[in-house]
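The lines below spell out each chain.
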Amino acid sequence: MGQQKGDSEELEEWLPNSNEGKPKGRRQRGTDETGEKKKVTKRVAKPKEPKPKAERKPRAARVPKVKKEKTNTKQQTEDAVLPKPELQQYVAVKEERLSINLSSNNAGDMPDECPSSSQHVPKVKKEEPDDSFTFDEPAQKKQKTTNSAQGRPIKLKSGNSCVEDLQMNWDPIQVLAEKSGVEQWVCANIVQLFQEENTIPFMVRYRKELINHMDADAVRDVQLTLEELRSVAKKSRSVSQTLKKEGVLTSELEMALKNCTTADEIDHVYAPYKKGSKLSKARRAKELGLEPAALALLQEPQKLDLQSSIQPNTKGLSTLDEVATGVQEILADMIAKDKETLTYVQSLCDRSSVTVHSSVSKTALKEQQPQQGNQKSKPKDIAKFSLYTDFTCDVQRIQHHQTLAINRGENLKILTVKVNIPDRVKNDFCRWCINVRWRPQGFARPELMTILKNAVEDSYKRFILPFLSRGYRSKLTASAEKESIAMFVRNLRQRLLMCPVRGKVIMGVDPGFHHGCKIAILSPTSQILHTDVVYLHGPAKHKEAEKLRHLMFKHSCPTIVIGNGKACRETEAFFTDLIKQRFFKPLDVSYCITDEAGASIYSVSPEAVKEMPDMDPNLRSAVSIGRRVQDPLAELIKIDPKHIGIGTYQHDVSQSLLRAALDGVVQECVSFVGVDINICSETLMRHIAGLNAGRARSIMEWKEKNGPFLNREQLKLVKGLGPKSFQQCAGFIRINPETVRSSVCSGGNDDLKAPLKQTAEKKKGKGSGSISNQFNPLDQTCIHPESYSIALRFLSQIGGSLDQMGSAGLRQGIESSLKSRGLDVLAKSLDTTPETLQLIVDGLTQPPGFDIRQDFEQADFKREIVSMNDLHDGMVVTGRVTNTALFGAFVDIGVGRSGLIPKRFITPDKLPVDQRQRSLALGPGERVEVRVINVDHQRNRITLDLIRVLR
């Protein structure tokens, strides 16, 4: 790519053309067919009116051949259904795939409305650019929404003002649907919900019928795409204002800017007018007045006389060759910006074998020469990319991790990357242009045909070839980034949702050699009982063992959690020997290994200092290690997700996208698990949907002043927590009577129903004049306060009561009622939706203290140890996935070194049905049965084959 940039000084003008979108032509037609068109028509009828205008002009302006008028009409018909390019930066993160799938045509990447064309054709820009090759990710997401059992078009009562906000020539809802692959009625509802300041967890749980049962990742994709469209509209207005101040804004140019749906298209239109940008050869030729001659060569070549354009004293027109060169530049510019031409050349590429080739850069080769001093590390860097020093792969078969590795090598100036397009593409393209698309409409003399031929070849070499290369690179990178971020999201979600180990006293151990092993003994509620440093690998280890036994007896601690850092293996062996000797008898001691990534960073963070102010940072690490097993969610949210040791290539993807995705996952996990407002930390509270750092601080201050919350309604008394915030967070907050009772009793007040101090301080203007201080059993459930009246009516219908919540009798009554009448009929009788009634049923039938994490994997505890020497080829063992990468999954099989299951061994037939749609289908915490394929003692590597996922 770098070599192609140097082909011409004019290439700079074309750099913004690397439109990284993925058109969704086929997807859009599918949307129109499968989505509910009735609901969408009302919304988009008015915005669609400008479309025919945009479609009538292009061909007349772009193709000067009168005899091709019939063909142009046909082209208009084709263009009417051509797709829009989608945003590269916000490719969907939800649906992971095993491989990428390239399909047709990338013409939409280079709009044909650039003002530099012959008859001011900015209006040539239509809403539907030509087909482009696409990676097809949104297809699965759309399939997910349309296949929802109860999904149906439901519009919100209030209209949305998105169209007025953007002030563009395209309908935002329609474009959003095309780019995201989601039905238009769903997109319209999502836009309205976001405008009403609803959070994603709230929408996914309590507004399922409006978003067609989409999951959080899919809704976030739509949100990111919508934000990109808004930024495009903002940029379009900004560029228009700039051009207006400079006095170069025409109605056609303004129309072209308003037709753009991506930032790259805007850059392409704006590039010739940027201050300091070099005037292109085509624009210089047009300013010399050669545009009529270029059009005449196509329309009336028999009447064209280039001699008449010669002006001896004018540079660029002084000779016949200069005139011919100017005409050639204009024609090359027109060809490179013509949509039909780009469609055709992309179709040629799609039928050919386009490859990506990487090799060692000249810079790296020079630095590899024998030199003294600081250059010694360079050959080592090249060795890291040994797989890619002479690498060639078809763009349709290249793996995501290969793309990211090549990009990293290129950024480090170790690799040179080039997209190879076969020569036959150029030959076929030139032949088609001269004989079909750009064929003169009359007899053209040989010298004129030579000009046309040179123009076609020049356009392909200087503009089209680099444009295609950039397009392939950017799309491969976009797909790889999307897959990498998806891996991060899935790994983080599974790490956060690991089942907590409750009811046990735990000893966290941060292993070490010279500085000793730091230990922290924690109560079942994660309170710190004791911290110390023991030297288990020195001469006094027997004395230290006695010390450990005394502490474990004193605190009745049967569970040990060892961090997997330095000295982990030796510390594990030490405890294993003691367990085999029954050293801790009568305690039945077991241990587990946990990932300590990020513990050291957390131990010196302001959060840790505030929580444990007088403790040594090394001891804080031991506390964090123990708490990661007791409650992974509560502990890991204190650490930046990028430091938890999940995913790969985190520095090679868009940091803003990664941050948004990971923050969203944390919010979802915290919200969907639910938090007991009276015992959770401020750090955990700020991640609840609808809350932030300020509101969490206000809730903590309210508790300190007034005591524990007795019901959800009392949240309305908190300063800064308005009706919208209450609506968003209330369903995710739990009021557990046991924790309230313990809090009140510890304060010396056994009367739980006594009026609270805050009743005299009710906030004015918040409608809190009648807020009760009584317990509501529904506050322990996932049922939202807005549905409490429906829940009570439902209980009345089936003859149940709140006292029976979670009991077997109530569950049987509800199941009987649902079986006899059906969910839909019951929902209609209660004047609610089936989705809301199902949520009420879940809340009433779940036992008190229900935790969604109880169905997830828990830490593995063991009492003995094996080593790599015990492994042999063909041996079948069980283990737990510790991390997944784009090339495979790492599994801890208890030998001190994780084995790798290469991606090729993770096949759908070995997976549960619900995991077959994901790219690797495995995530941290999952238990698997594997077969040892190879043990490489020299390189300390273990290769495994997946047998099955254990559940």
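Residues numbered from 1 in each chain as written. Predicted model: local features only at pLDDT ≥ 70, side-chain atom pairs only at ≥ 80, totals over all residues. Heavy atoms only, no water.

The name recorded for the protein chain in an unreviewed UniProt entry is S1 RNA-binding domain-containing protein 1, from Cyprinus carpio carpio.

Undergrad: Where do I start with the overall build of the protein chain in this structure?
TA: A count of helical and extended segments in the protein chain gives 39 helices and 15 strands. Out of the 951 residues in the protein chain, the part that is buried amounts to 57%. Considering only residue pairs separated by 6 or more positions, the protein chain has 76% of its internal contacts joining residues 24 or more positions apart. Carbon and sulfur atoms provide 50% of the accessible area of the protein chain, an area that totals close to 40700 Å². (Helix = DSSP H or I, 4+ residues; strand = E, 2+ residues; numbered from the N terminus. Buried < 20%, exposed > 50% of the residue type's maximum accessible area, 1.4 Å probe, protein only. Contact = heavy atoms within 4.5 Å. Areas by Shrake-Rupley, 256 points an atom, 1.4 Å probe, with all protein chains shown as cover.)

Undergrad: What is the right way to look at helix α18 (residues 320–336) in this model?
TA: Quick reminder: α-helices carry 3.6 residues per turn. Residues three or four places apart thus point the same way. In a regular helix each residue adds 1.5 Å, so 17 residues correspond to 24 Å; α18 covers 24 Å between its end C-alpha atoms and thus fits that length. Along α18, 13 of the 17 residues are buried, which leaves the element largely enclosed by surrounding structure. (Expected span 1.5 Å × (residues − 1).)

Undergrad: Honestly, the nonpolar core in this entry has me stumped. Any pointers?
TA: As a rule of thumb, nonpolar side chains are buried together in soluble globular proteins. In terms of nonpolar packing, the biggest core is built from 92 residues, with Met685 and Ile688 touching the most fellow members. The element that contributes the greatest number of residues to this core is helix α31 (residues 655–673), accounting for 10 residues. Here Met685 is in contact with Ile677, Cys680, Leu691, Ala696, Ile699 and Met700, once residues within four sequence places are set aside. Counting residues in each nonpolar core, the second largest holds 66 residues, with Leu304, Leu348, Leu452 and Met487 among its members. (Core = buried A, V, L, I, M, F, W, Y, C linked by side-chain atoms within 4.5 Å.)

Undergrad: Looking at this structure, I do not really get the sheet that holds strand β4 (residues 506–510). What am I missing?
TA: Sheets are built from strands that pair by backbone hydrogen bonding, the pairs being arranged parallel or antiparallel. A sheet is described by the order of its strands in space; here 5 strands give the open sequence β6-β5-β4-β7-β8, paired in mixed fashion. Strands at the two margins of the open sheet, each flanked by one partner only, are β6 (528–534) and β8 (590–594). In this sheet, adjacent strand axes meet at a mean angle of 20 degrees when their direction is disregarded. Sheet topology note: the strand β7 (residues 559–563)/β8 ladder contains 5 bridges and is parallel. Residue Gly563 lies in a different strand from β8, and its bridge partner there is Thr594. Across the sheet, helix α29 (residues 617–630) is in contact with β4, β5 (517–522), β6, β7 and β8; its angle to β5 comes to roughly 50 degrees. (Pairing = 2+ DSSP bridges. Axes fitted to C-alpha atoms, helices over the stretch in contact; angles between N-to-C directions.)

Undergrad: Looking at this model, I keep getting lost on the confidence of the model for the protein chain. Mind explaining?
TA: Considering every residue of the protein chain, the mean pLDDT works out to 78; 75% of them sit at 70 or more. Low pLDDT, under 50, characterises residues 1–151; the stretch is placed with 429 contacts to residues that sit more than four places away or in other chains. Low pLDDT, under 50, characterises residues 748–768; the stretch is placed with 37 contacts to residues that sit more than four places away or in other chains. (pLDDT = per-residue confidence, 0-100.)

Undergrad: I keep staring at the sheet that holds strand β2 (residues 390–394) and nothing clicks. Help me out?
TA: Taken in spatial order, the 3 strands of this open sheet run β2-β1-β3, and their pairing is antiparallel. Looking at which strands have only one partner, the edges of the open sheet turn out to be β2 and β3 (415–420). Going from strand to strand, the sheet's axes swing by 15 degrees on average, the running direction of each strand aside. The pairing of strand β1 (residues 355–360) with β3 spans 6 bridges and is antiparallel. Bridged to Ser358 within β3 is Val417. Packed on one face of the sheet, helix α22 (residues 400–411) meets β1, β2 and β3 and runs near 125 degrees to β3.

Undergrad: Which parts of the structure should I look at to understand the environment of Ile783?
TA: Assignment of secondary structure puts Ile783 in the loop between α35 (737–746) and α36 (788–798). Sequence spacing of Ile783 and Leu839 is 56 residues, and the spatial spacing of their C-alpha atoms is 6.5 Å.

Undergrad: Even after reading the chapter, I still don't get the packing of aromatic side chains, so can you show me in this structure?
TA: For the coordinates displayed, the defined rule picks out 10 aromatic pairs. Aromatic side chains Tyr206 and Phe732 sit 5.7 Å apart centroid to centroid with 50 degrees between the ring planes, which places their arrangement in the tilted category. Taken together, the positions of Tyr206 in helix α11 (residues 200–206) and Phe732 in the loop between α34 (723–730) and β10 (733–734) put the pair 526 residues apart, joining distant regions of the chain. An identical accessibility class is assigned to Tyr206 and Phe732; each is buried. Arranged with centres 5.5 Å apart and planes meeting at 85 degrees, the rings of Phe583 and Phe584 form a pair that is edge-to-face. The burial state of Phe583 is the same as that of Phe584; both residues are buried. (Phe/Tyr/Trp six-rings, centres within 6.5 Å; stacked < 30°, edge-to-face > 60°.)

Undergrad: Would you mind going over the packing of helix α19 (residues 339–350) against helix α23 (residues 423–437) with me for this structure?
TA: For any two helices packed against each other, the geometry is given by the interaxial angle and the distance between the axes. At a minimum axis distance of 10 Å, the contact between α19 and α23 shows a crossing angle of 145 degrees. The hand of the α19/α23 crossing is right-handed. Here Glu340, Thr341, Tyr344, Val345, Leu348 and Cys349 of α19 come into contact with α23, specifically with Val425, Asp428, Phe429, Trp432, Cys433 and Arg437. (Left-handed = near helix turned anticlockwise from the far one by under 90°.)

Undergrad: Before we go on, may I ask you to explain the pattern of salt bridges in this structure?
TA: Between side chains of opposite charge, pairing is possible as soon as their charged atoms come close. Taken as a whole and judged by the stated rule, the model has 37 salt bridges. When the shortest N-O distance is used, the salt bridge between Glu786 and Arg207 registers 2.9 Å. Pair noted here: Glu786 is in the loop between α35 and α36 and Arg207 is in the loop between α11 and α12 (208–211), with a separation of 579 residues, a long-range link. Under the relative-accessibility criterion, Glu786 is labelled partly exposed at 38%. Given a relative accessible area of 16%, Arg207 falls into the buried group. With a closest N to O distance of 2.4 Å, Asp652 and Arg408 form a salt bridge. Placement of the pair is Asp652 in the loop between α30 (632–636) and α31 and Arg408 in helix α22, with a sequence separation of 244 residues. (Salt bridge = Lys/Arg side-chain N within 4 Å of Asp/Glu carboxyl O.)

Undergrad: Explain unusual backbone geometry here, please?
TA: For residues besides glycine, phi is generally negative; the peptide bonds are generally trans as well. Of the consecutive residues Lys585 and Pro586, the connecting peptide bond is found in the cis state with omega at 15 degrees. Looking at the element boundaries, Pro586 is found in the loop between α26 (568–580) and β8. At Ser556, a residue that is not glycine, the phi angle is positive and equals roughly 50 degrees.

Undergrad: Is there a simple way to explain α34 in this structure?
TA: Burial analysis of α34 places 6 of its 8 residues in the buried class, the great majority of the element. Those residues of α34 not exposed but buried are Ser725, Phe726, Gln727, Gln728, Cys729 and Ala730. On its buried face, α34 sits against α11, α33 (693–706) and β10.

Undergrad: What should I look at first to understand the packing of helix α17 (residues 291–299) against α18 in this one?
TA: Interhelical geometry of α17 versus α18 gives an angle of 70 degrees and a closest axis separation of 9 Å. Here α17 is positioned roughly perpendicular relative to α18, judged by the angle of their axes. Seen from above, α17 lies across α18 with right-handed handedness. Of α18, the residues touching α17 (which contributes Glu291, Ala293, Ala294, Leu295, Leu297 and Leu298) are Val327, Ile330, Leu331 and Met334. Within the contact of α17 with α18, the residues separate by chemical class into 9 nonpolar, no polar and 1 charged. (Parallel < 35°, antiparallel > 145°, perpendicular 65-115°, else oblique. Nonpolar A, V, L, I, M, F, W, Y, C, P; charged D, E, K, R; others polar.)

Undergrad: Please clarify how the pairing of strand β11 (residues 876–885) should be interpreted in this entry.
TA: Within a regular beta strand, the side chains point alternately toward one face of the sheet and then the other, so they alternate between its two faces. Of all 10 residues in β11, 7 are buried; the element is thus mostly enclosed. The pairing of β11 with strand β14 (residues 927–936) spans 5 bridges and is classified as antiparallel. Considered in β14, the bridge of Thr878 is made with Glu929. Note: β11 against strand β12 (residues 888–892), 5 bridges, orientation antiparallel. Within the sheet, the bridge partner assigned to Ala885 lies in β12 and is Gly888. Count of turn residues in the β11/β12 antiparallel hairpin: 2 residues.

Undergrad: Any chance you could explain the environment of Arg741 here in plain terms?
TA: Its location among the elements puts Arg741 in helix α35. Sequence separation of Arg741 and Leu710 is 31 residues, and the distance between their C-alpha atoms is 9.6 Å.

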